[in-house]
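If you want the building blocks of each chain, they are given just below.
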Amino acid sequence: MLHCKWSLAILSVLAAGPCRTLALARRVRGIRLKVLFERLRELEAAEIIARKDNARYPRVVVYRLTDLGDHLAPLLKAWAKAGFEWEVLEMVLKCKWTSPILQHLRDGERRPVELHMALPGAGKRQLFERLAWLENRGLIARRIRATRPVISTYRLTPEGKRLVRAVLAWDATIRAIAQNA
């Protein structure tokens, strides 16, 4: 549920304070109402948000973060302040290999073979798809050496280093929340 850009965007809006349903729809640009209601139900079932209904006419439904959601709010604000798109966080959370690739590159420049050996279970196609995605987003850079055979290496860009710090903070907070639950 936190692996969805819409859930993350909803939580970032609610981190600013309680909000009515249609106000949420306006603030989360591009979301369809059906998707909004599905994500709200999922977040409510996970007890990250709570719904308050006045049960009279006109019916007013307000959503707010629960205590668990309040723990995530600083991370979401920091993520938005850092200027990363929700799509990047979604890919890091959703893909099994993106975060480990970034963490291995944090230690320095690596060849694809070294990354493949460090990630048991990752297929070469998956690895190269993730590397291409990260490179297209400007988070890693590829260097090709004109040797025989040609050697290519990957390293984090300054933007990628910022992303790794944000991901590590996110992971640490999620682990702390899971331990307290």
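See the structure shown above.
Nothing here was measured: the structure is a model prediction, and the numbers come from that model.

**Regarding the overall build of the protein**
Looking only at helices and strands, the protein features 9 helices and 5 strands. Ordered by position in the sequence, the α and β elements of the protein form the string α-β-α-α-β-β-α-α-α-α-α-β-β-α. Counting only C-alpha atoms and orienting by the principal axes, one finds that the protein spans roughly 75 × 35 × 30 Å. Here the protein, with 181 residues, has 41% of them falling under the buried criterion. In the protein, 52% of the contacts between residues at least 6 apart in sequence involve partners at least 24 apart. Side chains of the protein carry 34 positive and 17 negative charges; the gap between the two charge centres is 4 Å.

**A word on the pattern of salt bridges**
Tallied over the entire structure, the rule returns 9 salt bridges. Linked through salt bridges whose partners overlap, the residues forming this network are E38, R39 and E42.

**Things to note about helix 4 (residues 67-82)**
An ideal rise of 1.5 Å per residue puts 22 Å on 16 residues; helix 4 measures up with 24 Å between its terminal C-alpha atoms. All of the buried residues in helix 4 are G69, L72, A73, L75, L76 and W79.

**Some words on the nonpolar core**
Generally speaking, nonpolar side chains in soluble globular proteins are found buried as a group. Within the largest apolar cluster, 57 residues are counted, with the highest numbers of intra-cluster contacts made by I10, L24, I49 and W79. It is helix 1 (residues 5-14) that contributes the most residues to this core, 7 residues altogether. Discounting residues that sit within four places of it in the chain, W79 has contacts with F84, E85, W86, V88, L89, L163, A166 and V167.

**What about the sheet that holds strand 1 (residues 19-20)?**
Taken together, the 3 strands give an open sheet; going across it, the order is 1-3-2, and neighbouring strands pair in antiparallel fashion. Because the sheet does not close on itself, it has two edges, and the strands there are strand 1 and strand 2 (49-53). Direction of pairing for strand 1 relative to strand 3 (residues 61-65): antiparallel, over a ladder of 2 bridges. Of the residues in strand 3, the one forming a bridge with C19 is Y63. Across the sheet, helix 1 lies against strand 1, strand 2 and strand 3, angled at about 90° from strand 3, the strand it touches most.

**Here we look at the pairing of strand 5 (residues 151-156)**
Strand direction decides the pairing type here: strand 4 (residues 140-145) and strand 5, joined by 6 bridges, are antiparallel. Looking across to strand 5, one finds that R143 is bridged to T153. Taking the residues that link successive antiparallel strands as the turn, the strand 4-strand 5 hairpin has 5 residues.

**Section: helix 5 (residues 86-94)**
Across the 9 residues that make up helix 5, a large majority, 7, are buried. Taken together, the buried positions of helix 5 are occupied by W86, V88, L89, E90, M91, V92 and L93.

**Quick word on the environment of A169**
Positionally, A169 belongs in helix 9 (residues 158-180). Judged by relative accessible area, which is 34%, A169 ranks as partly exposed. Separated by 78 residues in sequence, A169 and M91 have C-alpha atoms that sit 16 Å apart.

**A word on the packing of helix 1 against helix 5**
The interhelical angle for the contact between helix 1 and helix 5, taken along N-to-C directions, is 125°, at an axis separation of 9 Å. As the angle between them shows, helix 1 and helix 5 are arranged oblique. Handedness of the helix 1/helix 5 crossing: right-handed. Here helix 1 contributes K5, L8, A9 and S12 to the contact with helix 5, which in turn contributes W86, L89, E90 and L93. Looking at the contact of helix 1 with helix 5 residue by residue, the classes come out as 5 nonpolar, 1 polar and 2 charged.

What counts, and at which threshold
Residues numbered from 1 in each chain as written. Predicted model: local features only at pLDDT ≥ 70, side-chain atom pairs only at ≥ 80, totals over all residues. Heavy atoms only, no water. Helix = DSSP H or I, 4+ residues; strand = E, 2+ residues; numbered from the N terminus. Buried < 20%, exposed > 50% of the residue type's maximum accessible area, 1.4 Å probe, protein only. Contact = heavy atoms within 4.5 Å. Lys, Arg positive; Asp, Glu negative; His and termini not counted. Charge placed at Lys NZ, Arg CZ, Asp CG, Glu CD. Salt bridge = Lys/Arg side-chain N within 4 Å of Asp/Glu carboxyl O. Expected span 1.5 Å × (residues − 1). Core = buried A, V, L, I, M, F, W, Y, C linked by side-chain atoms within 4.5 Å. Pairing = 2+ DSSP bridges. Axes fitted to C-alpha atoms, helices over the stretch in contact; angles between N-to-C directions. Parallel < 35°, antiparallel > 145°, perpendicular 65-115°, else oblique. Left-handed = near helix turned anticlockwise from the far one by under 90°. Nonpolar A, V, L, I, M, F, W, Y, C, P; charged D, E, K, R; others polar.

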